[in-house]
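A structural walkthrough
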Amino acid sequence: VAPAWSADGQFIAYASNQGSSVLKIWRMRADGGERTQITNGNEEDCDPSWHPDGQRIAFSRKVALGNRNIFVTTLANVWTELTSTPGEERFPEFSPDGTQLAFSSERAFDIQAPHGHVVSALFRKDTNPIRIETPINLTANLGVNIRKGGAAPAWSPSGNRIVIFNSEGVLITSEQRLVRLSTNG
């Protein structure tokens, strides 16, 4: 479930319930050999995303009913919880240069848009503990409901744009704003 390639193409991170009753994050060599369980515990983990340095994986963890937070772990099993807001925060995705983390969020940026957002935040691996800066709401004023078909963000190779897709269409960022594109033709 939800595989992600490492930047060097040597490993794949994925969510699986092999040997567990809930999904956990695993890493395997790209040739199908050597499989290692990365996360443990009783909570469900999914949506892995490799940091470009190949030493960290961001993922979402179900911490309570209807509540998922974004975590990052090193391959040495050092964990940091990056978000801790009520609601679902899922689909973390590192920018190509590793300086930003985009994810979908149900955090309440404003009462006018209660359906959730795609956000981008500066990722600070140079701090102890690792943290993210205050997220920027990228889907404000679009009336986007991320619950309709999900909203997993994907960065462009240059890192200056993000694309998301849901049942309402394709949205592409342009300088920290999202624009709506039609998927009909």
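Residues numbered from 1 in each chain as written. Predicted model: local features only at pLDDT ≥ 70, side-chain atom pairs only at ≥ 80, totals over all residues. Heavy atoms only, no water.

1. Section: the overall build of the protein
- Helix and strand content of the protein: 0 helices and 17 strands.
- Considering the protein as a whole, with its 185 residues, one finds that 48% of them fall into the buried category.
- Sequence-distant contacts, at least 24 apart, represent 31% of the contacts inside the protein between residues at least 6 apart.
- As displayed, the protein offers around 9400 Å² of accessible surface, 50% of which is attributable to carbon and sulfur atoms. (Helix = DSSP H or I, 4+ residues; strand = E, 2+ residues; numbered from the N terminus. Buried < 20%, exposed > 50% of the residue type's maximum accessible area, 1.4 Å probe, protein only. Contact = heavy atoms within 4.5 Å. Areas by Shrake-Rupley, 256 points an atom, 1.4 Å probe, with all protein chains shown as cover.)

2. A short note on the pattern of salt bridges
- By the definition in use, this model includes 8 salt bridges.
- For Glu-43, the salt bridge is made with Arg-61, and the minimal N-O distance between the two is 3.5 Å. With Glu-43 in the loop between β4 (35-37) and β5 (45-50) and Arg-61 in strand β6 (residues 56-64), this pair connects stretches of sequence that are 18 residues apart.
- In this structure, the salt-bridge partner of Arg-68 is Glu-88, at a minimum N-O distance of 3.5 Å. Of the two residues, Arg-68 is situated in strand β7 (residues 67-74) and Glu-88 in the loop between β8 (79-81) and β9 (89-94); the sequence distance between them amounts to 20 residues. (Salt bridge = Lys/Arg side-chain N within 4 Å of Asp/Glu carboxyl O.)

3. Considering the packing of aromatic side chains
- For the structure on display, the rule yields 4 aromatic pairs.
- Where Phe-59 meets Phe-71, the ring centres are 5.8 Å apart and the plane angle is 15°; that geometry is what we call stacked. Note that Phe-59 is positioned in strand β6 and Phe-71 in strand β7, a separation of 12 residues in sequence.
- Between Phe-59 and Trp-79, the aromatic rings sit 5.5 Å apart at their centres with planes inclined by 90°, giving edge-to-face as the arrangement. Here Phe-59, found in strand β6, pairs with Trp-79, found in strand β8; they are 20 residues apart in sequence, far enough to count as distant.
- Ring pairs connect the aromatic residues Phe-59, Phe-71 and Trp-79, which therefore count as one cluster.
- Across from the ring centre of Phe-11, 4.5 Å away, lies the NZ or CZ of Arg-27, which sits over that ring.
- Above the plane of the ring of Phe-71 lies Arg-61, whose end atom (NZ or CZ) is 5.6 Å from the centre. (Phe/Tyr/Trp six-rings, centres within 6.5 Å; stacked < 30°, edge-to-face > 60°. Lys NZ or Arg CZ within 6 Å of the ring centre and 35° of its normal.)

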